[in-house]
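As a plain string of letters, each chain reads:
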Amino acid sequence: MIDMTVKRPSTASAEVDRSQVRGWHDDPIMTPEQDKFGRAPVARRLANFIHEGHSIESSTVYGLEGPWGCGKSSVISMITATLSCDQYGWRIANFTPWATTGKEGLLSEFFAALSSAAPETSKKRRLWKKFDNYMSVVRPFTPLIPVAGSAIYAGIKSFDNRPRKPWKQLFDDLSGEFHKLGSPVLVVVDDIDRLQAEELLDLLKVVRLIGRFSGVDFLLAYDEQTLVDILQSPCRGRLPRARARAFMEKIVQYPLALPPLLSGQISKTVTDSLTEMLSSRVGQFFDIHRFSDVILDIMPSRLTTPRAIARFLAQVREELTIHDPHEIDDADLILATFLRTQFPDVFSQLQDWKSKLTANVDSSIDAFFNQQDEKIDWSPLLQPLENEKDRHNALTLLEAIFPAVGGQGGLRSGSRRFANPEYFDRYLAQAIPEWDVPDKVVRNALNDAAEGNPAELQNLLRDTDEGHLNLVLNKIIALYPDVNKRKYHDGPVGPLSRNLLATSMELLMSRRDIPGHIVTPYDALRQWATVLLHLLLENNPEANLDQELAACQFPDKRAHVVASAARRTEGLSPEAASSLKNTFEREVQRLVPVLLNNLRERDAANTDIKMGSLLSLVSSSSAGNDLIAGIRRGLEIQEFTLQDIAARLVGFGYAIGGSGKPSGGSFDGQLFYTLTGVSARSVDHDYSVEWPDDSWARRREYAAPLIEETVTSRDEANTVRETTEP
């Protein structure tokens, strides 16, 4: 149905309606108050230009030129609002040729639009009659089939049998009717570059030959580049560009080009909008430094129109809405959105480049060897881009997102950046994948455990899926930077309590140190427990944490935590360092009876306890004399043998990524001598012996010859001395 009413925008209603609209709908603005790009002054200037150039004796065609999305429709709205006000008194007719089909529909829509300029008086009925007569002459030019329901054709039955005046007389009669309206008329034709080539030519014929009535001006809106391309289409014989432009010059007397947005306008609009969006995400660190080149250089060259800016900001707003700020890096989320919208062919390849893009991430578990030693050629990733400027811009954007692209140093473990392999898929999926663990789940479990409710944390850290477990552990470790690293930490930190230390030690007891693996979940748990010990003593040097440490009943694992903490005291206050030393001394004193009891149990003792490490640790500590005295006393009363002690000092070697069975053996003869006073030969990396099992009996069998050799040599030496003495 054709709207026959005059288009007079209501400023108040337009503002209210737009304020109620959620999201972005690509609607033109209606009032200067909604203008963010300085288009309102341009619209006022153009409205004055059209008004001052109007002649009641002539018809002028203006062409509003600008690329798609530059705001032509918004400028038209403000122009027509200005011209239709009482000060100017123009009548506005909106002609939408692309909403019709065929020549008949085009002509019907044109005259319907013209008739809408007349008020609902006898003048309008007289105008319709003139149109009726005029179309009877125009019809041979283009077959006319009335549009059903159109008011302009009501009562028209046939043109064939009525008498006809000459075309010039009918044209002048119709022009006279427009004079009698007492108001200038502006026919607005927006988006004519949506038309196909033949449709465009039909429209231009209407404007040039049929509709140029005196007192009626035209305002055509189009992208000049697109229009020329249409006129060069194969159906027109591929006109040279100069001929196509010359053709348009015959139609349009005044081309009015919308000025392009300035780089400063674009940067400010984007910056102000992002600032507004991010202001509600309180407490989240935002790395603005990575944004400077992108906002100042790349965005102005890509977001060149109000539509492009609005579309990008609308997508950013949606992304920020659906992502928890604690689950993702906001800066990377915005940059990834820009990459996806501006360089989709590059974005679609990122999954294939994951290992290279996420290199140089300092992960305690998964990326131990993931260091980038040679320069990577990124040109294949950029190959889909057609010109050098696009490739340069895309590369700069990738460098801002992925440190590896710029050859920068490692990314801290636990960062929620796109470049972290554990978070990489979130940016591609635009959600948390099913296999992933939300950071919120980990934080809630830590908070509960800190309050003495460790069940949920225990469930997370007893997961049998090692990949899943590593993911959770990395998230936890990222929340607990050690004392000497806290001043460089820019992310959130986890809760701290004695309950957490006890929980970590209990979990450590249930986690096996898997042979043949460089870094295991056990190592991550031990690291976390070590940091917790540091932080708790730094927070309260007077605290005695022996009870919490004792939650791990395996002496070697407990001692491993305490010894690791005692070795690394950088950043600790003197009081905390002293307290940690005392904790270590108490621990090694407690180990002496444990070690002696293990020896007394002989072959029935637990083989999982790393006795060699414990004996070495205690013997070199303040409790070393007590340990040595206890061992020699046990030998003297035959609670255990030299071979039992030697078996505890047999170490194993494992092939990286192997079966988990020992592939080599070693023996610490120097430590054996320290403990027993009996010399023994040390062996390192002996791969000549098979190890069907790691029992104490098999270890004793391996070490016995190493002791007997030295004992035999000593006995022989004594015999020689005895026979040579007088």
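This section reports on the structure supplied with the text.

**So, the environment of L525**
Among the structural elements, L525 can be located in helix α23 (residues 521–539). Note: C-alpha distance between L525 and L508 (17 residues apart in sequence) is 6.2 Å. Apart from the residues within four sequence positions on either side, L525 is in contact with L461, L473, L507, L508 and R511.

**Things to note about the side chain of T530**
Position of T530 among the secondary structure elements: in helix α23. If we ignore the near neighbours within four places in the chain, the residues touching T530 are V561, S564, A565 and R568.

**Brief notes about the nonpolar core**
Formed by 84 residues in total, the largest nonpolar core has its most connected members in L461, Y480, W528 and I631. Looking at this core, the element that brings in the most residues is α23, giving 11 residues. With residues up to four places along the chain from it excluded, the contact list for W528 reads L446, L457, L461, I476, Y480, L500 and S504. Ranked by size, the runner-up nonpolar core spans 50 residues in total, among them L303, L335, L357 and I401.

**Some points on the pairing of strand β4 (residues 216–222)**
Side-chain direction in a regular strand flips from residue to residue, so the side chains alternate between the two faces of the sheet. Burial analysis of β4 places seven of its seven residues in the buried class, the great majority of the element. Side-chain alternation along β4 places V216, F218, L220 and Y222 on one buried face and D217, L219 and A221 on a second face that is also buried. Bridging between strand β3 (residues 185–189) and β4 involves five bridges; their strand directions are parallel. Bridge assignment links V185 to a residue of β4, and that residue is V216.

**Some points on unusual backbone geometry**
Its identity is not glycine, yet Q430 carries a phi of approximately 55°, on the positive side. Examined against the element boundaries, Q430 turns out to sit in the loop between α18 (424–429) and α19 (439–450). Phi angles above zero are rare outside glycine, and Q638 is one such case at about 60°. Its location among the elements puts Q638 in the loop between α28 (624–636) and α29 (642–648). The exposure class of Q638 is exposed, given its relative accessible area of 69%.

**Considering the packing of helix α26 (residues 574–600) against α28**
Look at α26 against α28: their axes get within 9 Å of each other, and the N-to-C directions meet at 20°. As far as their axial angle goes, α28 and α26 are roughly parallel. Handedness of the crossing formed by α26 with α28: right-handed. For the pair α26 and α28, the contacting residues are Q589, V592, L595, L596 and L599 in the first and D626, L627, G630 and I631 in the second. For the contact of α26 with α28, the per-class residue count stands at six nonpolar, two polar and one charged.

**A few points about empty space enclosed by the protein**
A full pass over the atoms with the stated rule returns one cavity of 30 Å³ or more. Lining the largest cavity, in full, are E319, L333, A336, T337, R340, F347, Y427 and Q430. Its residues assigned to classes, the lining of the largest cavity shows four nonpolar, two polar and two charged.

**Notes on helix α2 (residues 39–52)**
In this model, α2 (14 residues) spans 20 Å end to end at C-alpha, consistent with the 20 Å of a helix rising 1.5 Å per residue. Buried within α2 we find R39, A40, V42, A43, L46, A47 and I50. The buried residues of α2 occupy an angular sector of 155° when projected down its axis, which confines them to one face.

**Points about the sheet that holds strand β5 (residues 254–257)**
Taken together, the five strands give an open sheet; going across it, the order is β2-β3-β4-β1-β5, and neighbouring strands pair in parallel fashion. Each edge of the open sheet is held by one strand with a lone partner, namely β2 (91–94) and β5. Each strand of the sheet is rotated relative to its neighbour by a mean of 20°, with strand direction disregarded. Here strand β1 (residues 61–65) pairs with β5 via four bridges, running parallel. Each residue of the ladder has a partner; that of G63, found in β5, is P255.

**Some details on the pattern of salt bridges**
Opposite charge on two side chains lets them pair, provided their charged atoms get close. Here the structure, examined in full by the defined rule, presents 28 salt bridges. One salt bridge in this structure joins R340 and E319, with 3.2 Å as the shortest N-O distance. Of this pair, R340 sits in helix α13 (residues 330–342) while E319 sits in helix α12 (residues 306–322), and the two are 21 residues apart along the sequence.

**Thoughts on helix α30 (residues 669–676)**
Taken together, the buried positions of α30 are occupied by G669, L671, F672, L675 and T676. The buried residues of α30 occupy an angular sector of 160° when the element is viewed end-on, so they sit on one face. Looking at where α30 begins, the residue whose side-chain oxygen comes 3.3 Å from the main-chain nitrogen of Q670 is D668. Positioned one or two residues after α30, G677 has a phi angle of 80°, which is positive.

Thresholds applied
- Residues numbered from 1 in each chain as written.
- Predicted model: local features only at pLDDT ≥ 70, side-chain atom pairs only at ≥ 80, totals over all residues.
- Heavy atoms only, no water.
- Helix = DSSP H or I, 4+ residues; strand = E, 2+ residues; numbered from the N terminus.
- Contact = heavy atoms within 4.5 Å.
- Core = buried A, V, L, I, M, F, W, Y, C linked by side-chain atoms within 4.5 Å.
- Buried < 20%, exposed > 50% of the residue type's maximum accessible area, 1.4 Å probe, protein only.
- Pairing = 2+ DSSP bridges.
- Axes fitted to C-alpha atoms, helices over the stretch in contact; angles between N-to-C directions.
- Parallel < 35°, antiparallel > 145°, perpendicular 65-115°, else oblique.
- Left-handed = near helix turned anticlockwise from the far one by under 90°.
- Nonpolar A, V, L, I, M, F, W, Y, C, P; charged D, E, K, R; others polar.
- 1 Å grid on protein atoms, 1.4 Å probe; cavity = no way out; pocket = protein on both sides within 12 Å on 5 of 7 lines; lining within 4 Å.
- Points joined across faces, edges and corners; volume = space filled by probe spheres on them.
- Expected span 1.5 Å × (residues − 1).
- Arc of directions from axis to C-beta.
- Salt bridge = Lys/Arg side-chain N within 4 Å of Asp/Glu carboxyl O.
- Polar contact = N/O pair within 3.5 Å; in protein donor to acceptor, adjacent residues only side chain to side chain.

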